[in-house]
Amino acid sequence: MTKTPQTLTIAGSDSGGGAGIQADLKTFQELDVYGTSVITAVTAQNTMGVSAIYPMSAQAVHMQLEAVASDFELTALKTGMLFNSEIIKEVATAIHKFDWKNVVVDPVMIAKGGADLLQQEAVDAVKTHLLPLALLVTPNIPEAEALTGIPITNVSSRQHAAEKILSLGAKSVVIKGGHAMDRDYAEDYFLQANGESFVYRSARISTKQTHGTGCTFAAAVTAELAKGQQLKDAIFTAKQFIQAALSEPLNIGQGHGPTNHAAYKARIVEKREAHKIEVFY
Ligand SMILES: Nc1ncnc2c1ncn2[C@@H]1O[C@H](COP(=O)(O)OP(=O)(O)O)[C@@H](O)[C@H]1O
Ligand SMILES: Cc1ncc(COP(=O)(O)OP(=O)(O)O)c(N)n1
């Protein structure tokens, strides 16, 4: 009997359900993998912003990691909001100890409303302890700039930043283009250590319902890796997943509403020419 692929998200809880652990588990479910979770922080959050953050102790994170490791056969995992360097070190130690593969690092730093989801002191810990363990790192443009110190203003600086992230030890990187609002497309740039690169481009959807796009994208890549997909195919599926999730808004909440995780299964992207994903080499 074939086993359901088992995955893990190590991230913060979003009480509004649009990002963090909640977005990850919904994405795992929609893509037919079993999701486990290690909660690093509890945020009081809704579509209008983050009003409080309660980080878990390193010991609480440690015990959750041990519990998951002792019972599940993980074939991929992702990290999201890790908040401080103590938690980052605990997570890195577990990845080493349990020899977990297919590690997707979403270097979450700042929420849409401006709240710090990673303490400033912890940026170096992400670079030193986590990036060398990553099969894939998925920064948005501001996160890639913070990791590299390179302002991303054009295709060439984006490539330069991606190269610098690989030089920190990650095996591959995708710099997501959601923040390049001046374009009528949303373009993600992928580069891996052997020099191979791809650009994934879709039409930019004009919507306020964008809360949790980054978490959902990284969770979709993780789910596909857990099923044994090649990295570049997993990223393609994730791009389709987020395009569908953005194109069928739920219109929930008064601020930046959540994306619609259920839309991908309805195969909306494949049916609409305007929502096709183009891949450039
Ligand atoms: N308005 C949009 N239309 C289409 N795709 C988008 C839009 N905004 C973001 N995306 C896609 O969502 C994913 C997450 O990107 P981004 O918003 O940059 O990350 P984050 O949520 O971490 O800031 C990427 O695949 C990006 O191309
Ligand atoms: C608990 C928690 N984790 C991560 C985020 C950031 O999510 P992201 O997908 O980058 O989306 P936005 O914050 O840009 O909507 C979060 N807000 N909360």
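Residue numbers here run from 1 along each chain, matching the order of that chain's written sequence. As a convention, the first chain written is A and the first ligand written is 1, with the rest following in written order. In view of the model being predicted, local features appear only for residues whose pLDDT reaches at least 70, and side-chain atom pairs are presented and counted only at 80 or more, with totals across whole chains, interfaces and linings using the full set of residues.

A word on the pairing of strand β7 (residues 172-175)
Item 1. Here a residue counts as buried when 20 or more other C-beta atoms fall within 10 Å of its C-beta, as exposed when 12 or fewer do, and as partly exposed in between; the C-beta atoms come from the backbone. Runs of E in the DSSP output that reach at least two residues are strands. Runs of H or I that reach at least four are helices, and both are numbered from the N terminus. Of the two faces of β7, the one holding S172 and V174 and the one holding V173 and I175 are both buried throughout.
Item 2. Two strands qualify as a pair provided DSSP detects at least 2 bridges between them. The pairing of β7 with strand β8 (residues 185-192) spans 4 bridges and is classified as antiparallel. Across the sheet, the residue bridging to S172 is Q192, located in β8.

Comments concerning the site of ligand 1
Item 1. For ligand 1, the set of nearby residues contains 18 residues, the closest of which are N140, K176, G178, A186 and G214.
Item 2. Those elements giving two or more residues to the shell around ligand 1 turn out to be β8, α7 (213-226) and α8 (231-247).
Item 3. If one sorts the elements of the shell around ligand 1 by residue count, α8 sits on top with 4 residues. Only the C-beta atom matters for nearness: placed from the backbone, it must lie within 6 Å of the molecule or strand for the residue to count as near.

A closer look at the UniProt feature "domain: Pyridoxamine kinase/Phosphomethylpyrimidine kinase" (unreviewed entry) in the protein chain
Item 1. The feature "domain: Pyridoxamine kinase/Phosphomethylpyrimidine kinase" (unreviewed entry), as annotated in UniProt, sits at residues 14-260 in this numbering.
Item 2. Counted over residues 14-260, helix gives 39% and strand 21%. Its end C-alpha atoms are 16 Å apart. UniProt positions are given in the numbering used here, feature names are shortened, and annotations may be inferred rather than shown by experiment.

Here we look at the site of ligand 2
Item 1. With respect to spatial proximity, 19 residues lie near ligand 2, and among them G12, A19, G20, G214 and C215 are the closest.
Item 2. Secondary-structure elements contributing two or more residues to the shell around ligand 2 are β1 (6-14), β2 (34-46) and α7.
Item 3. All residues other than Ala, Val, Leu, Ile, Met, Phe, Trp, Tyr, Cys, Pro, Asp, Glu, Lys and Arg, Gly among them, are scored as polar; the first ten of these are nonpolar and the last four charged. Counted by class, the shell around ligand 2 contains 7 nonpolar, 10 polar and 2 charged residues.

Observations concerning the environment of E196
Item 1. Tracing the chain through its elements places E196 in the loop between β8 and β9 (197-203).
Item 2. Under the C-beta neighbour-count criterion, E196 is labelled exposed, with 12 such atoms within 10 Å.
Item 3. Measuring from C-alpha to C-alpha, the distance between E196 and Y281 comes to 8.3 Å, with 85 residues separating the pair along the chain.

Topic: helix α1 (residues 20-30)
Item 1. Of all 11 residues that make up α1, 10 are buried, and the element is covered over most of its length.
Item 2. Just past α1, the residue D32 takes up positive phi, approximately 65 degrees.

Considerations on the packing of helix α5 (residues 141-148) against helix α6 (residues 155-167)
Item 1. In the contact formed by α5 and α6, the axes pass within 10 Å of each other and the chain directions differ by 55 degrees. The pairing of α5 with α6 is recorded here as oblique in orientation. Relative to α6, the crossing made by α5 is left-handed. Listed contacts from α6 to A144, E145, L147 and T148 of α5 are A161, K164 and I165.
Item 2. Tallied by class, residues from the contact of α5 with α6 come to 4 nonpolar, 1 polar and 2 charged. Structural elements are reduced to axes, namely lines fitted to C-alpha atoms, with helices fitted over the stretch in contact, and the angle between N-to-C directions of any two is expressed from 0 to 180 degrees. Roughly parallel refers to an angle under 35 degrees, roughly antiparallel to one over 145, roughly perpendicular to one between 65 and 115, and oblique to any angle outside these ranges. Left-handed is the label given to a crossing in which the near helix is rotated counterclockwise from the far helix by less than a right angle, and right-handed is the label when the rotation is clockwise. Any residue pair is listed as a contact if its two C-beta atoms, each placed from the backbone, are within 7 Å.

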